[in-house]
Amino acid sequence: MALHLGAQYILEHNVGISDAVLLHPLTEEAFIENIKKRFSHEQIYTYIGTVVVSVNPYKKLPLYTPEVIEEYRSRNIYELPPHIYAISDEAYRSMRDRNLDQCIIISGESGAGKTEASKVIMQYVAQVSGKGREIDRVKEQLLQSNPVLEAFGNAKTLRNDNSSRFGKYMDIEFDFKGDPIGGVITNYLLEKSRVASQIPGERNFHIFYQLLAGADPTFLETLKLSPKPENYGFLNRSGCIKVDAIDDAKDFNMVKTGMEVIGFYRTEITEVFQLVASVLKLGNVEFSHRSNADGTDGCDISNTGEIAEVAQLLGCLEQNLTNALTQRTVEVKRDKVKTDFSVAGAVYARDALCKAIYSRLFSWLVQRINDSIKVKTEQTRKVMGVLDIYGFEVFQTNRYEQFIINYCNEKLQQIFIELTLKEEQEEYIREGIEWIHVDYFNNAVICDLIEKSDTSVAQKNNVGILALLDEQCLLPGNVTDKTFLEKLNQTCKDHPHFESRTLKKNQSDRTLPHDAFRLKHYAGNVTYKVDGFIDKNNDLLYRDLSQAMYACRHNLMKKLFPEGYHKALDTQCLVNSLRNPSQKSLKRPPTAGSQFKASVQELMKNLLSKNPNYIRCIKPNDDKQSGTLDLEIVKHQVRYLGLMENIRVKRAGYAYRQIYAQFLYRYKMLADETWPSWHGDVVEGVKLILANQKIQQDEIAFGKSKLFIRNPKTLFDLEETRRERMHFLATLIQKVWKGHVKREHFLLMKRSQVVISSRFRGFYGQKQYKKKKAATLLLQCCTRRWKARKVLAELKHEKRCQLAATDIQKHYRGWQARKLLAELKHAKRMEWAARVIHKYYLGWKVRKNYKPKFRRIAGPKVARFMVVALKRKFLLNVRDKLPSLSPVDNKWPSSPKMYKSASDQLQVMHHKWRCRKYRRKLSEAQKYTLREKATASDIFKDKKVIYPESVPRPFKGDYLNIRGDMKWKKIHSLTNDINLVFADLVHKVNRANGKIVQQLLVVSSQAFLVIDHRTMTLKYRIPIEFIEKISLSPFQDKLAVFHMKKPENGDRFAKKGDFIIGNEHIIEIVTKSSLCVKNKTNTMPEISISPQCSGQFGSSAVQVSFQQGAKGLEPGIPGVKVTRKKHLMLISEP
């Protein structure tokens, strides 16, 4: 099968070894060097068999466009270079065509790119699945759930600007056609401690900053918030508020849009943000110390205004909330005693309440999304799961959250070991295939150390850390983190993967603190400080706070705090009790550790029930720098991910295996003996198929229940042969069916022909009669018309004769009058000539009589004197009446005819002198402005009707003053378009239908940019040298067509084609764009001013025609109407 041009290009530019199974020699150094080589050429994906190894590039790459998706669609996994799209397509087609439920497990350290990988998978599935109104709605809801959950569950950490602080597993459900019909999201252990505190350099959850940066000021006022994060205690303590790579305002708009698309009601969105605001406001509540009369410590709230606003947001009484934050009710049997909190106790209660509100709100959000995206109908479903869960974490100080997160990663690693290494070997042994044993590290011992729960007396020293922690939480008395560490040292002292400073083997290890323990994880050693383990595992909320929250009138609070129901004497509580008749329970709720352990075990069970696909993510460096790969960091990750063991297993085994019956069913058409059905032994049928295809024996192996194929190429050849055979069978079915349809049609035509022929003969005879009748009437008409014309001609001839006689008389009388006039004029000229001769005679006679009385040389002197006097008079007149120094002043003193030439030369010299003097006063900017005006004159003078209007108006350039706009600064910092030449709102004509939309056009010295003026997002950026021609009409419209170059390499800037833009300053836009192109290329672009021009819109050539005198003008551009009809676009003006 021929490759597409894009696929051919990808293969030709492949670097290194794309599948590490083919590495030679097979060493860890060779593997890492291969990854480094591919990473340096921006090829971030590498295969290990069917496992994809992904290196985070820390920058955007052109690997995820719709064109790339089409390249990988319905391709075998090894047919193109490695990509997440390849494994996504393999999983999707296996689920759709073979009814095998799939799951894609993405693993790796924090910051390795797992969250982005899950987004890429979702994007691919949405692109390749079917289309339709309901299907598109489900796709959009599934895609929009990502930004919503990321806003509430992700945060900036030291290693990752968008780190997932919760685990997410999404099951996407499909119908029998492979179209998405719904989904289910499961969340795991939100890091709620981040709500109240963060380590230096990190941030709280994104939603807090997004709400303050992106919400409307009026909406913030209703939430009692100010837009400055520095004003809130939960946000300003870590010292990190703003992140350069994150646009909180833009993300907030995406979150709101996503919630609306998913199906949240407006009231629900408002209620969610009310709770977010309440958490921020509670974080600002401060307490002051108070000494009670009995000598105990108490506290009061210092800033009661904050409490009042929180009570208003939650819909509760201020006094009830104040009491719940400063007092605690201790209940022993039927006795109740109220005790005051100290300042530290009140702060702890406040933080616990905030964490409880936020974590339960997050769980409610997940449930609400599930209600919207769940499958609404009962039908057969296929499932593809995507696991995006926090990566392995090792910080300078690791606490309870890191312990739980790393436990989950240990379980994921265990699944990887079982399903890719252990099962690989066990299956070969089970099937009786010769196998080379590969040693691997089994981390089950570490999982047992953490989760084992055997508490029998015989096994009292063989209990997991989580079970010990739960046991300590249940003990009465004063249980602290220190006592838990002591118990841990006693129980786990002999375990090889546990270390503590009190143990003999570690007493000299000064890197291990006394209040911590160390575990040897599969990813390396991690030291955990036990500070807070007991409190965080208990995860308890004081009953007074639960009851206060349940009593709130806010619609969500009763759903979030159902345990707050209690019997009370006041009327409001009585009403609440009627609404929730459940009875309160004194049973201790399960600990956070036990809950997470149960959810992880359920996740493992779910993953084991599906066909797994793996993406192993690698972080290239700790500094989040693009283009940098730290070999030591990569080597550490390669080792703990077990990648080398995986390569050795794949090298020793077979690439493909299939149950005999399924193989026979899929490929039975490849042999005549097995088609259309085979009733013998399935193994014999498989052998017949393989023999028919002439596959060598060393390429296959026969197991007990499966066929094993060593080389993927063999499988590709089988698939290609099957495709050709299926095409032949389909052609055969079409041939038989078409023959049957054509015969039935022939018989019907034969029966109809008899009826049609009889009817036609009758119709034809009637038609001939009508034709002869019409011909007769026509002949009569023509004869009468000929006679009438003959009479008319005779009358016209008689009339012309009369007119000719009258004309002759008229001309004769005129000739006589002209002859008499000429005689009179001659007599008058003779009389005038006689008078002139007499005058000259008298003059000659006078000169003759008086000539001897004068000197002979006086005449020439007088003549010269008169000439000099006249010249002096002329020059003085010019001096006294010189015009002003303005170069545009065209006045000049009048001169005698004899000095006309000199006057013209003086005028030219004076004009050049004053222009030179004027130019010396100009700055460089003014000179460039004049150059622009001169260029505009050269281009448009006497060619464009509207040009005279633009002459007196200065070229301002930046009409919107966007140089000071922060969003523009962000754009030009990314695109390096610093020298802004022109900026204004323009009307852009849609190439497909001629509709007109308003966009922001920015022309810089480097590029031609089209920006969405509402969101200030860059839509197109075209280098200025790509403009090869600009076309305009000579009429009054203010439109221009910008023609772009068509590069041979299919550059993405030219794929959209030419642009049609309209603006009041179109003369200035064309002039400045032309000068920018000239400055860049030393050549002016071609300027065409004509009523017609050709344009290239995408892949279509369109003729653009400008016309005058149209009605029904387009409201988008005043005075212009645009119409697109196939390959013609008509632009009309009045």
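Residues numbered from 1 in each chain as written. Predicted model: local features only at pLDDT ≥ 70, side-chain atom pairs only at ≥ 80, totals over all residues. Heavy atoms only, no water.

So, the sheet that holds strand β17 (residues 656-659): which residues are in play, and what are the values?
Pairing is antiparallel across the open sheet formed by three strands, whose spatial order is β17-β19-β18. Where the open sheet ends on each side, the last strands, each with one partner, are β17 and β18 (700-702). Recorded for the sheet is a direction-independent mean angle of 20 degrees between the axes of neighbouring strands. In this sheet, strand β19 (residues 706-709) lies alongside β17 in antiparallel orientation, the contact comprising four bridges. (Pairing = 2+ DSSP bridges. Helix = DSSP H or I, 4+ residues; strand = E, 2+ residues; numbered from the N terminus. Axes fitted to C-alpha atoms, helices over the stretch in contact; angles between N-to-C directions.)

Talk me through the packing of helix α13 (residues 318-326) against helix α20 (residues 543-550); I want residue IDs and the actual numbers.
Two elements in contact, α13 and α20, have axes separated by 8 Å at closest approach and are oriented at 160 degrees. On the basis of the axis angle, α13 is roughly antiparallel to α20. With respect to the hand of their crossing, α13 and α20 are arranged in left-handed fashion. In this structure, α13 uses N320, L321, A324 and L325 to contact α20, whose residues at the interface are D544, L545, A548 and M549. In terms of residue class, the contact of α13 with α20 is made up of six nonpolar, one polar and one charged. (Parallel < 35°, antiparallel > 145°, perpendicular 65-115°, else oblique. Left-handed = near helix turned anticlockwise from the far one by under 90°. Contact = heavy atoms within 4.5 Å. Nonpolar A, V, L, I, M, F, W, Y, C, P; charged D, E, K, R; others polar.)

Please set out the pairing of strand β22 (residues 1007-1012) residue by residue, giving values where relevant.
Burial runs high along β22: six of the six residues are buried. Residues A1007, L1009 and I1011 of β22 are buried on one face, and the alternating residues F1008, V1010 and D1012, pointing to the opposite face, are buried as well. Here four bridges tie strand β21 (residues 996-1004) to β22, and the two strands are oriented antiparallel to one another. Its bridge partner lying in β22, V1003 is registered against F1008. With antiparallel pairing between neighbouring strands as the criterion, β21 and β22 make up a hairpin whose turn holds two residues. By the bridge criterion, six bridges tie β22 to strand β23 (residues 1017-1023) in an arrangement that is antiparallel. What sits directly across from V1010, in β23, is Y1020. Between β22 and β23, which pair antiparallel in sequence order, lie four residues; one of them, M1016, sits at a positive phi of approximately 55 degrees. (Buried < 20%, exposed > 50% of the residue type's maximum accessible area, 1.4 Å probe, protein only.)

How would you summarise the pairing of strand β3 (residues 102-107) if you had to cite specific residues and measurements?
Of all six residues in β3, six are buried; the element is thus mostly enclosed. Where burial is concerned, the two faces of β3 agree: the one with Q102, I104 and I106 and the one with C103, I105 and S107 are both buried. Bridge count between β3 and strand β12 (residues 382-388): five bridges; the pairing is parallel. Residue pairing in the sheet places I106 in a bridge with D388 of β12. As judged from the six bridges shared by β3 and strand β16 (residues 611-618), these two strands associate in the parallel manner. Directly across from S107, in β16, lies its bridge partner R616.

Before we move on, could you go through the pattern of salt bridges and cite the residues and values that matter?
A complete count under the given rule lists 44 salt bridges for this structure. Of the charged contacts in the structure, one is a salt bridge between R73 and E70, with a shortest N-O distance of 3.5 Å. Taking the relative accessible area as the measure of exposure, R73 reaches 33% and is therefore partly exposed. Its relative accessible area of 43% is what places E70 among the partly exposed residues. The residue E499 makes a salt bridge to K520 at a minimum N-O spacing of 3.3 Å. (Salt bridge = Lys/Arg side-chain N within 4 Å of Asp/Glu carboxyl O.)

Now, about the sheet that holds β23: what can you tell me, with residues and values included?
Read from one edge of the open sheet, eight strands run β23-β22-β21-β20-β26-β25-β24-β27, paired in mixed fashion. The sheet terminates laterally at β23 and β27 (1086-1089), the two strands that pair on one side only. For this sheet the average axis-to-axis angle between neighbouring strands, irrespective of direction, equals 30 degrees. As defined by bridge partners, strand β20 (residues 980-989) adjoins strand β26 (residues 1059-1062) across two bridges and the pair is classed as antiparallel. Within β26, the position partnered with K988 by the bridge is I1061. Sheet strands touched by helix α34 (residues 1066-1081): β20, β21, β24 (1027-1032), β25 (1039-1044), β26 and β27. Its angle to β24, the strand with the most contacts, is close to 160 degrees.

I'd love a proper account of the packing of aromatic side chains, names of residues and values included.
Enumeration according to the criterion identifies 34 aromatic pairs in this entry. Centre to centre, the rings of F498 and F517 are 5.8 Å apart; their planes meet at 25 degrees, and the pair counts as stacked. Within this pair, whereas F498 is found in strand β13 (residues 498-500), its partner F517 is found in strand β14 (residues 516-521), the two being separated by 19 residues in sequence. When its relative accessible area of 0% is taken as the criterion, F517 is described as buried. Through successive ring pairs, a cluster of aromatic residues spans Y400, F403, F484, F498, F517, Y528 and F533. The positively charged end of K558 is found above the aromatic ring belonging to Y550, 5.4 Å away from the centroid. (Phe/Tyr/Trp six-rings, centres within 6.5 Å; stacked < 30°, edge-to-face > 60°. Lys NZ or Arg CZ within 6 Å of the ring centre and 35° of its normal.)

Summarise the side chain of S1033; cite the residues concerned and give the values.
Within the fold, S1033 resides in the loop between β24 and β25. Taking the relative accessible area as the measure of exposure, S1033 reaches 0% and is therefore buried. Polar contacts involving the side chain of S1033 include one to the side chain of D1037, which spans 2.3 Å. The residues contacting S1033, other than those within four sequence positions of it, are K944, I1089, S1090 and F1106. (Polar contact = N/O pair within 3.5 Å; in protein donor to acceptor, adjacent residues only side chain to side chain.)

Lay out the environment of I307 in plain terms, naming residues and giving numbers.
Relative to the elements of secondary structure, I307 occurs in helix α12 (residues 304-314). Residue classification places I307 among the buried positions, given a relative accessible area of 1%. Counting along the chain gives 25 residues from I307 to L282, while the straight-line C-alpha distance between them is 7.2 Å.

Which residues make up unusual backbone geometry, and what are the values?
Following W675, the chain continues to P676 via a peptide bond in cis, the omega torsion being 5 degrees. Note that P676 resides in the loop between α26 (660-667) and α27 (682-692). In the Ramachandran plot, K624 falls in the positive-phi region, its phi being about 55 degrees despite a non-glycine side chain. Mapping K624 onto the fold places it in the loop between β16 and α24 (631-640). Here K624 falls in the partly exposed class, since its relative accessible area comes to 23%. In this structure, N961 takes a positive phi of about 55 degrees despite not being glycine.

Mind laying out the nonpolar core, listing which residues take part and the relevant values?
In this structure, F31, F152, F208, F403, F517, M549 and L607 are the most contacted members of the largest nonpolar core, which totals 181 residues. Sort the elements by how many residues they give to this core and helix α14 (residues 343-373) lands first, with 15 residues. Aside from chain neighbours lying at most four places away, what touches F31 is A20, L23, I48, V638, L643, M644 and I647. (Core = buried A, V, L, I, M, F, W, Y, C linked by side-chain atoms within 4.5 Å.)

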